[in-house]
Amino acid sequence: MTQIKQIGVIGAGTMGNGIAQTFAVAGYPVLLQDLSEAALERARKTMESSLGRQVKKGQLSEEAARDALARISADTKLETMADRDLVIEAIVERLDVKAGVLKQLDAICRPDAILASNTSSISLTQLAAASAHPGRVIGMHFFNPVPVMQLVEIIRALQTTDAVAEAVTEVTRAIGKTPRVSKDSYGFVVNRLLAPLINEAINCVYEGLATPEDIDSMMKLGANHPMGPLALGDLIGLDVVLNIMETLYEGFDDPKYRASPLLKQMVHAGYLGRKTGRGFAEYHKA
């Protein structure tokens, strides 16, 4: 297995730019790819702002922040991933789209390059089956905000080789994160537990049991949660929560994973949480 030195990240959204920033701060050259020039420019500004906050908090020196930004290059062409040792896709949470990108990468990347998915709930075994080299496909599930959150769920597809799992676990530690390995299953560990909790909190609102504020307060005071489930849903994005619930429901064919009618309504209304300024609370940009 090739030593991981060059990193590629596909998708310049919230997760993609966070992953790129994290690897760059750890000293890895990173190529960030997105089809949209505008998305790449937004990602650059987001990373500059995030690194600036770390400097203000004394977590990074100004020189280290500048060096990290200098390690990040950007391109709209997927073909530029040809020299990467590890390519992480962080694109839309759809099996067909992710599988399509993996097939394209098969024709672009070296056979020994590792292809990782940041999927939060999709079966890695299904994704690996789309690749001509399924043994090199693995899940690296980062959590938002990536520069802050310590966990990376490493998900082994049925086909993932031991060498690939070991290399990805090692590089996860090298960027200062804590790897925890899970077998492949819909939602893996964290979202299999977390998404139904958020969904049930939404059902409590739907049934009028208590106000969103009181539900969150009860879980913080009674279960010692640092953040209430509804506030967490707003932070994650209610569209993402719905997507995970639908993946669990379809994957396990179990009614206990049925999405709350109110969750569906919120998403249909465009009330997705912090990113749209309105979810179970209202948010105003500073």
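In this text, all values refer to a predicted model and were calculated from it rather than measured experimentally.

Chemist: Requested: an account of the overall build of the protein chain, with residues and values cited.
Modeler: If you tally the helices and strands in the protein chain, you get 11 helices and eight strands. The C-alpha atoms of the protein chain give 19 Å as radius of gyration, which agrees with the globular expectation for 286 residues (19 Å, within 12%). Overall, the C-alpha framework of the protein chain stretches about 55 × 45 × 35 Å when taken along its three principal axes. A burial count over the protein chain gives 47% of its 286 residues as buried. For the protein chain, the exposed area adds up to about 13900 Å²; of that, 53% sits on carbon and sulfur atoms. Here the protein chain contributes 30 positively and 33 negatively charged side chains, and the mean placements of these two sets differ by 3 Å.

Chemist: Residue-level account of the pairing of strand β1 (residues 7–10), with values.
Modeler: A regular strand places its side chains on the two faces of the sheet in alternate fashion. Burial of the side chains of β1 extends over both faces: Ile 7 and Val 9 are buried on one face and Gly 8 and Ile 10 on the other. Pairing between β1 and strand β2 (residues 30–33): four bridges, direction parallel. What sits directly across from Ile 10, in β2, is Gln 33. Each parallel crossover has a hand, and for β1 linked through helix α1 (residues 14–25) to β2 it is right-handed. Note: β1 against strand β4 (residues 86–89), four bridges, orientation parallel. Along β4, the bridge assignment pairs Gly 8 with Val 87.

Chemist: I'd like to hear about the packing of aromatic side chains, residue by residue, with values.
Modeler: Going through the model one piece at a time under the given rule, you end up with four aromatic pairs. With 5.7 Å between their ring centres and 80 degrees between their planes, Phe 23 and Tyr 28 make a pair best called edge-to-face. We note that Phe 23, like Tyr 28, is buried. Relative to Phe 142, the ring of Phe 23 has its centre 6.5 Å away and its plane inclined at 65 degrees; by these criteria the two rings are edge-to-face. With Phe 23 in helix α1 and Phe 142 in the loop between β6 (137–141) and β7 (151–156), the pair connects residues that are 119 residues apart, well separated along the chain. Relative accessible area serves as the criterion here: at 0%, Phe 23 is assigned to the buried category. In this structure Phe 142 comes out as buried when scored by relative accessible area, which is 2%. Here the aromatic cluster, defined as three or more aromatic residues joined through ring pairs, consists of Phe 23, Tyr 28 and Phe 142. It is Arg 278 that lies over the ring of Tyr 271; its NZ or CZ is 4.0 Å from the centre.

Chemist: Can you break down the pairing of strand β5 (residues 114–117) residue by residue, with the values?
Modeler: Burial along β5 is two-sided: the face carrying Ile 114 and Ala 116 and the face carrying Leu 115 and Ser 117 are both buried. Judged from the four bridges that link them, β4 and β5 form a sheet pairing that is parallel. Bridge pairing links Glu 89 to Ser 117 in β5. This β-α-β element, β4 to helix α4 (residues 95–108) to β5, shows right-handed connectivity. Of the strand pairs in this sheet, β5 and β6 are connected by three bridges, and their pairing is parallel. Paired with Leu 115 across the two strands is Val 137, which belongs to β6. Taken together, β5, helix α5 (residues 124–129) and β6 constitute a β-α-β crossover, and its handedness is right-handed.

Chemist: Describe in detail the nonpolar core, supporting the description with residues and values.
Modeler: Among the nonpolar cores identified, the biggest contains 39 residues, and Phe 23, Leu 32, Leu 86, Met 140 and Phe 142 are the most heavily contacted of them. For Phe 142, the residues in contact, after removing those within four places along its chain, are Met 15, Ile 19, Phe 23, Ile 88, Asn 118, Leu 151, Val 152 and Ile 175. By size, the runner-up hydrophobic cluster in this structure holds 21 residues, among which are Ile 215, Leu 242, Leu 263 and Val 267.

Chemist: Talk me through the pattern of salt bridges; I want residue IDs and the actual numbers.
Modeler: Scanning the entire structure with this criterion turns up nine salt bridges. Between Arg 110 and Asp 85 there is a salt bridge whose closest N-O contact spans 2.8 Å. Taken together, the residues span a long stretch of sequence, with Arg 110 in the loop between α4 and β5 and Asp 85 in the loop between β3 (72–75) and β4 at a distance of 25 residues. Look at Arg 110 and you get partly exposed, because its relative accessible area is 26%. Between Asp 112 and Arg 110 there is a salt bridge; the shortest N-O distance is 2.9 Å. Judged by its relative accessible area of 30%, Asp 112 falls in the partly exposed class.

Calculation notes
Residues numbered from 1 in each chain as written. Predicted model: local features only at pLDDT ≥ 70, side-chain atom pairs only at ≥ 80, totals over all residues. Heavy atoms only, no water. Helix = DSSP H or I, 4+ residues; strand = E, 2+ residues; numbered from the N terminus. Rg over C-alpha atoms; globule rule 2.2 N^0.38 Å. Buried < 20%, exposed > 50% of the residue type's maximum accessible area, 1.4 Å probe, protein only. Areas by Shrake-Rupley, 256 points an atom, 1.4 Å probe, with all protein chains shown as cover. Lys, Arg positive; Asp, Glu negative; His and termini not counted. Charge placed at Lys NZ, Arg CZ, Asp CG, Glu CD. Pairing = 2+ DSSP bridges. Right-handed = clockwise from strand over helix to strand, strands pointing away. Phe/Tyr/Trp six-rings, centres within 6.5 Å; stacked < 30°, edge-to-face > 60°. Lys NZ or Arg CZ within 6 Å of the ring centre and 35° of its normal. Core = buried A, V, L, I, M, F, W, Y, C linked by side-chain atoms within 4.5 Å. Contact = heavy atoms within 4.5 Å. Salt bridge = Lys/Arg side-chain N within 4 Å of Asp/Glu carboxyl O.

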